[in-house]
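Survey of secondary and tertiary structure
Chain by chain, the residues run as shown.
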Amino acid sequence: MILCATCLWGVCAPAVGPDSGNAAARFAGLAPRLWGERIPGVICRLPDEGSDGAPRLALTLDACGGGYDEGLLHFLAQRGVPATLFVTNLWIRAHPGPFRELAANGLFRIEAHGARHKPASVTGRSACGIGGTTSVQDLIAEVEDNAREIESVTGKRPRWFRSGAAHYDDVAVKVLAALAMQPAGYSVSIDLGASLGPRAVRDRALAARNGDILLAHMNRPRGGTGQGVREAVDILLARGWRFVPLP
Ligand SMILES: [Zn+2]
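Residues numbered from 1 in each chain as written. Predicted model: local features only at pLDDT ≥ 70, side-chain atom pairs only at ≥ 80, totals over all residues.

Quick look at the overall build of the chain
Threshold: Numbering of helices and strands starts at the N terminus; helices are DSSP runs of H or I of at least 4 residues and strands are runs of E of at least 2. Three classes are used. A residue is buried when 20 or more other C-beta atoms lie within 10 Å of its own, exposed when 12 or fewer do, and partly exposed in between, with C-beta atoms placed from the backbone.
The secondary structure content of the chain amounts to 8 helices and 12 strands. Dimensions of the chain, computed from C-alpha atoms along their principal axes, come out at roughly 50 × 45 × 35 Å. Of all 247 residues assigned to the chain, the portion counted as buried reaches 42%.

Structural notes on the environment of Ile110
The line we're drawing: This entry defines residue contacts through backbone-placed C-beta atoms, with two residues in contact when those atoms are within 7 Å.
As for its placement among the helices and strands, Ile110 is situated in strand 4 (residues 108–112). A sequence separation of 57 residues divides Ile110 from Gly53, and the C-alpha atoms of the two residues are 27 Å apart. Apart from residues no more than four positions distant in its own chain, Ile110 is found in contact with Leu85, Val87, Leu102, Ala103, Ile150, Thr154 and Pro158.

Things to note about the nonpolar core
Stated precisely, the cut-off is as follows: By definition, a nonpolar core groups buried Ala, Val, Leu, Ile, Met, Phe, Trp, Tyr and Cys residues that connect through C-beta atoms lying within 7 Å of each other.
By size, the foremost hydrophobic cluster in this structure holds 60 residues, and its most contacted members are Leu85, Val87, Val143, Val175 and Leu214. Counting residues per element, this core draws most heavily on helix 5 (residues 136–154), at 6 residues. Among residues more than four places away in sequence, those in contact with Val143 are Ala112, Phe161, Leu176, Leu179 and Met181.

Considerations on the confidence of the model for the chain
Threshold: The predictor rates its confidence in each residue with pLDDT, a number between 0 and 100.
When pLDDT is averaged along the chain, the result is 91; 91% of the residues meet or exceed 70. Throughout residues 1–15 the model reports pLDDT below 50, and contacts reaching past four residues in sequence, or to other chains, amount to 14 contacts.

Some points on the packing of helix 2 (residues 70–79) against helix 8 (residues 225–238)
Put simply, the rule reads: Fitted lines through C-alpha atoms give the axes, limited to the stretch in contact for helices. The angle between two N-to-C directions lies from 0 to 180 degrees. Our angle categories are set so that under 35 degrees counts as roughly parallel, over 145 as roughly antiparallel, 65 to 115 as roughly perpendicular, and the remainder as oblique. Should the near helix be turned anticlockwise from the far one by less than a right angle, the crossing is termed left-handed; should it be turned clockwise, right-handed. For this scheme, ten residues count as nonpolar: Ala, Val, Leu, Ile, Met, Phe, Trp, Tyr, Cys and Pro. Four count as charged, namely Asp, Glu, Lys and Arg, and the remainder, Gly too, count as polar.
Between helix 2 and helix 8, the least distance of the axes is 9 Å, while the angle of their chain directions is 15 degrees. Considering the angle they form, helix 2 stands roughly parallel to helix 8. Crossing hand, helix 2 versus helix 8: right-handed. In this structure, helix 2 uses Gly71, Leu72, Phe75 and Arg79 to contact helix 8, whose residues at the interface are Gly226, Val229, Arg230, Val233 and Leu237. When the residues that make up the contact of helix 2 with helix 8 are grouped by side-chain class, the tally is 5 nonpolar, 2 polar and 2 charged.

A few points about the environment of Asp212
Tracing the sequence through the fold places Asp212 in the loop between helix 7 (198–206) and strand 11 (213–217). With 128 residues separating them in the primary sequence, Asp212 and Thr84 have C-alpha atoms 13 Å apart. Residues within four places of Asp212 in sequence aside, it is in contact with Arg45, Leu57, Ser187 and Val188.

What to know about the pairing of strand 11
Along any regular strand the residues' side chains alternate between the sheet's two faces. Rules: Here the rule is simple: two strands pair whenever DSSP picks up at least two bridges between them.
With 5 of 5 residues buried, strand 11 is to be regarded as a mostly interior element. Neither face of strand 11 is exposed, since Ile213, Leu215 and His217 on one face and Leu214 and Ala216 on the opposite face are all buried. Sheet topology note: the strand 2 (residues 56–63)/strand 11 ladder contains 5 bridges and is parallel. Bridging across to strand 11, Ala58 finds its partner in Ile213.

Pasting the structure below:
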């Protein structure tokens, strides 16, 4: 058994991803040509139809930093609604108890949102006022430091990575593939960065189409996201929609 500072009680996973040892060398020096939220390789919708014919959505909740909307997560647990939670190390360290509870609930899939909530750049590009990672090496640290922190509690290496502000360049997408991470996009931002009131959040969710990946936030308990999501979920469940985790 190997003990380490991150995982004091158990076997630590490998400290790096499947190919991180040489990813920096393989991709260093490549100049990115694309930048944005929906560049090739970023998964923005569910990949295929469900087998039962019911319309389905993936609810994804970002925990960028800041607070914890405990009421929203308890509501989803009560309703049996699965969600995929993208968490940063900033959020995990601010809410260690809730993180363990969420990780222990099989309804919730815990995935990576970065150690420091940086957009996935190899040249330091910014998005939404947030400075991106500055190099391939810096991107790998952003991903792997977060993956290790998550795995130390869940026992599972995350498979999806959503960067800060969900922005990627095309070299970053290649680096993520080498790390066995799927770049997570979204098709509908239902709370626009947790800036909307409950009615607008609800209406944006209700306008979703079959196969959409919805993005909202679980770190702004004083915003309108929680109430809007609760209202939308109840209406969609009554209409026969299904919620599924990211595959
Ligand atoms: Zn975020």
